[in-house]
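The primary structure of each chain is shown beneath.
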Amino acid sequence: MIAAQEKIAAKYGVTPPRRPRGQEIFWLRVYVPAYRAVPWPVRSAIMHRLPGSHRMTWTRTQRP
Amino acid sequence: MAQRIVVLGGGAAGIGAAGAAKAVDAAADIRVYTEFEDVGYSPCGIPYVHGKEIPDFERLFLATKEAYAGQGIDIHYETRAAGFDTGRKVVSVAGEGEVGYDKLIVATGFDYADPGVPGADLGGLYYVKNIRRAMEWDKVLDGVRTAVVVEASPLGLEMVTALCHRGIKTHLIDPGAWALSVATDPDIVAPVQDSWREHGAELHFGTTLTGFLGDGSVRAVATSDGEIGCDLAVVCTKKQANTVLARAAGVRTGSADGIIVDERMHTSAPDVWAAGDCIEVPHSVTDIPVQGLSGSHAYAQGKVAGTNAAGGQRAYQPVSVPWGMVAGDWMIGGVSFSETLATALGIPHAVGVAEGISRARYYPGVEKVRVKLLAEPKTFRLIGAQMVGREGIKERADFLAMAVRTGITINELATMENVYSPPIGALNEPIALAAQNLLSGLGS
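Predicted, not measured: the structure shown is a model, and the values here were computed from it.

### Notes on the sheet that holds strand β26 (residues 382–389) of chain B
Residues and elements named next belong to chain B.
Here is step 1: Pairing is antiparallel in the open sheet, where five strands are placed in the order β22-β23-β26-β25-β24. Two strands in the sheet have a free side with no partner beyond their single neighbour: β22 (322–327) and β24 (350–357). For this sheet, the mean angle separating the axes of adjacent strands, direction not counted, is 10 degrees.
Here is step 2: Pairing between strand β23 (residues 330–336) and β26: six bridges, direction antiparallel. By the bridge assignment for β26, Gly333 is matched with Met387.

Shown next as structure tokens:
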């Protein structure tokens, strides 16, 4: 979220989030670039494999 | 013999479930266990009593205890369920021993996330939840001069507004860069923050809570940017699913830490349903589970759980999560994804923004309405929206939630028809303007 807030803050010209500290530096400098390098469909597929209500039966509203 | 349906929890989901079950099976023995003194009131109204917009707490109650008894719903107040056994189909109840059930509905709600800092056991820390405690805290507020609201969550926004209305010097601390920084973007929430400052609030964004200081009762909040003296701290941390009993009973939980349910609100355990803040449900856009939604979601889920537990048929839908509130002097709202959240998740999106008006330009009381829409760049499907204005936000959020759920595209919104009536609607609908701007930005 901090990385996303930095990007959006720059776009709208508002104060960015505070500078990362401690472990946050690792997440911002290593994890975020790696995460962003993975296309959304791949990330989405990984998230879908996690256990959760989304893997149960759900009937979606269908447009006629 | 009448079936016995036991409901754990007397909040919106639990009471919704009990009422729906009784409607399906009038002969059913329906028992609700709640650790609190009351059921069937609106905790969401508490900040507005504190802010003096609502004159008293009594108005928050939906029905009397006698009314529930008259409906045949047997509510056991101030009675804690200690656990349940899905094999033997019994609930262990403090003071009552084991109580058998034919169907069980878990509606155990949420707990605020532990701030995880020293001093969290001090007095003067207010967690807004129970109406009886809120009545007590309301008297305390009469003597409070300075308060700190911890975290700019939806409740945090409401409490900052309420405390300002109450004339209390209010500080807001939040590690994010702006208020409600997950659900909103800075251009949407900026008017809200400006209005809080006009009311004397001090906003400390990018500020992390490090402790509560005091001797018995809080006298200051310690933060990454120094101490803030206060008489009271309102802790508005994230709502976490209360799944303690469900997990202990072996009911499965998911990646959002809520109880896993299907569209009928049935859990992984036989004859056990669940509803409300203790469950997770899939999001209609991403199909990823989300948890900690609104009272209207909890009540609707309770209705589904109660209907099915009693033998009826009712299904719930994946959620688009419309939201809205009064914050400061503004109404803000939206549905599904903000630009910030879509960016954080890496979801491809295009953005269109427009500033329209709420009534005909010449009609008294006309106000600006800022609308931001997010769409998938390839399909043009609407995936999110945010709005700020002084009227007409809730209705637009509800409409846009249906648009997200049904897969409406930006092209369709750009050419939507709209009501034109000078006192209630302008010639150009702000949603259509934002959609047209989004398409222009894409060169369509």
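Anyway, onward from the coordinates.
### Here we look at the environment of A:Arg55
Residues and elements named next belong to chain A.
Here is step 1: With respect to the helices, strands and loops of the structure, Arg55 is situated in the segment after α3 (40–49).
Here is step 2: When its relative accessible area of 53% is taken as the criterion, Arg55 is described as exposed.
Here is step 3: Between the C-alpha atom of Arg55 and that of Lys7, which follows or precedes it by 48 residues, the distance is 33 Å.
Here is step 4: With residues near it in sequence (within four places) discarded, Arg55 still touches His48, Arg49 and Leu50.
Here is step 5: A polar contact is formed between the side chain of Arg55 and the backbone oxygen of Arg49, at a distance of 2.7 Å.

### Points about the interface of chain B and chain A
Here is step 1: With 46 residues of chain B in contact, the opposing surface of chain A contributes 33 residues.
Here is step 2: Taking both partners together, chain B and chain A bury about 3,300 Å²; carbon and sulfur atoms supply 60% of that area.
Here is step 3: A per-residue breakdown of the area chain B buries against chain A is headed by B:Glu263, B:Asp287 and B:Thr343, which together make up 15% of the total.
Here is step 4: The interface formed by chain B and chain A holds one salt bridge in total.
Here is step 5: Linking chain B with chain A are 15 residue pairs in polar contact (both at pLDDT 80 or more).
Here is step 6: Top contributing element to the side of chain B that touches chain A by residue count: helix α9 (residues 339–345) of chain B, with six residues.
Here is step 7: Grouping the amino acids of the side of chain B that touches chain A by side-chain chemistry returns 22 nonpolar, 14 polar and 10 charged.

### Remarks on the side chain of B:Thr146
Here is step 1: Summarising the element assignment, B:Thr146 is placed in strand β10 (residues 146–150).
Here is step 2: Excluding residues within four positions of it along the chain, B:Thr146 makes contact with B:Ile168, B:Lys169, B:His171, B:Gly229, B:Cys230, B:Asp231 and B:Leu232.

### Describing helix α10 (residues 393–406) of chain B
Residue and element names in this part refer to chain B.
Here is step 1: For α10, spanning 14 residues, the distance from its first C-alpha to its last is 20 Å, which sits close to the expected 20 Å at 1.5 Å a residue.
Here is step 2: What α10 keeps buried is the set Ile393, Arg396, Ala397, Leu400, Ala401, Ala403, Val404 and Thr406.
Here is step 3: Just downstream of α10 lies Gly407, where phi reads positive at about 80 degrees.

### Regarding the packing of aromatic side chains
Here is step 1: One pass over the structure, following the stated rule, counts seven aromatic pairs over all chains.
Here is step 2: Pairing B:Tyr126 with B:Trp137 gives two aromatic rings, centres 4.9 Å apart and planes at 20 degrees, and the pair type is stacked. Taken as a pair, B:Tyr126 in strand β9 (residues 125–126) and B:Trp137 in helix α4 (residues 131–141) lie far apart in primary sequence, 11 residues in all.
Here is step 3: Joined through ring pairs, the aromatic side chains of A:Phe26, A:Trp27, A:Tyr31 and A:Tyr35 make up one cluster.
Here is step 4: A cation sits over an aromatic face here: A:Arg43 above A:Tyr35, 4.3 Å from the ring centre.
Here is step 5: Across from the ring centre of B:Tyr77, 4.3 Å away, lies the NZ or CZ of B:Lys65, which sits over that ring.

### Points about the sheet that holds strand β21 (residues 289–291) of chain B
In any sheet, the strands associate via hydrogen bonds between backbone groups, in a parallel or an antiparallel arrangement.
Here is step 1: Strands sit in the order β18-β20-β21 (chain B) across an open sheet of three strands; the sheet is mixed. With partners counted over all chains shown, the strands left at the sheet margins are β18 (259–260) and β21 of chain B, one partner each.

### Re the pairing of strand β6 (residues 97–100) of chain B
Residues and elements named next belong to chain B.
Here is step 1: Both strand β5 (residues 90–93) and β6 contribute to a ladder of four bridges, which runs antiparallel. Across the sheet, residue Ser92 finds its bridge partner in β6, namely Glu98.
Here is step 2: Between the end of β5 and the start of β6, which pair antiparallel, lie three residues, with Gly95 showing a positive phi angle near 85 degrees.

### Observations concerning the packing of helix α1 (residues 2–12) of chain A against helix α2 (residues 23–37) of chain A
Residue and element names in this part refer to chain A.
Here is step 1: Close contact between α1 and α2 brings their axes to 10 Å; oriented N to C, the two are set at 80 degrees. For the element pair α1 / α2, the angle class is roughly perpendicular. Where α1 approaches α2, its residues Ile2, Ala3, Ala4, Glu6 and Lys7 are matched on the opposing element by Glu24, Leu28, Val32 and Arg36.
Here is step 2: When the residues that make up the contact of α1 with α2 are grouped by side-chain class, the tally is five nonpolar, no polar and four charged.

### Structural notes on unusual backbone geometry
Residues and elements named next belong to chain B.
Here is step 1: With phi around 55 degrees, Lys89 is a residue other than glycine that occupies positive phi space.
Here is step 2: With respect to the helices and strands, the residue Lys89 is situated in the loop between β4 (81–85) and β5.
Here is step 3: One non-glycine residue, Glu151, lies in positive phi territory at about 85 degrees.
Here is step 4: Here Glu151 lies in the loop between β10 and α5 (154–165).

Conventions we followed
Residues numbered from 1 in each chain as written. Chains lettered and ligands numbered in written order. Predicted model: local features only at pLDDT ≥ 70, side-chain atom pairs only at ≥ 80, totals over all residues. Heavy atoms only, no water. Pairing = 2+ DSSP bridges. Helix = DSSP H or I, 4+ residues; strand = E, 2+ residues; numbered from the N terminus. Axes fitted to C-alpha atoms, helices over the stretch in contact; angles between N-to-C directions. Buried < 20%, exposed > 50% of the residue type's maximum accessible area, 1.4 Å probe, protein only. Contact = heavy atoms within 4.5 Å. Polar contact = N/O pair within 3.5 Å; in protein donor to acceptor, adjacent residues only side chain to side chain. Buried area = accessible area lost by both parts, 1.4 Å probe. Salt bridge = Lys/Arg side-chain N within 4 Å of Asp/Glu carboxyl O. Nonpolar A, V, L, I, M, F, W, Y, C, P; charged D, E, K, R; others polar. Expected span 1.5 Å × (residues − 1). Phe/Tyr/Trp six-rings, centres within 6.5 Å; stacked < 30°, edge-to-face > 60°. Lys NZ or Arg CZ within 6 Å of the ring centre and 35° of its normal. Parallel < 35°, antiparallel > 145°, perpendicular 65-115°, else oblique.

Such coordinate-based values are descriptive only and should not be taken to indicate function.
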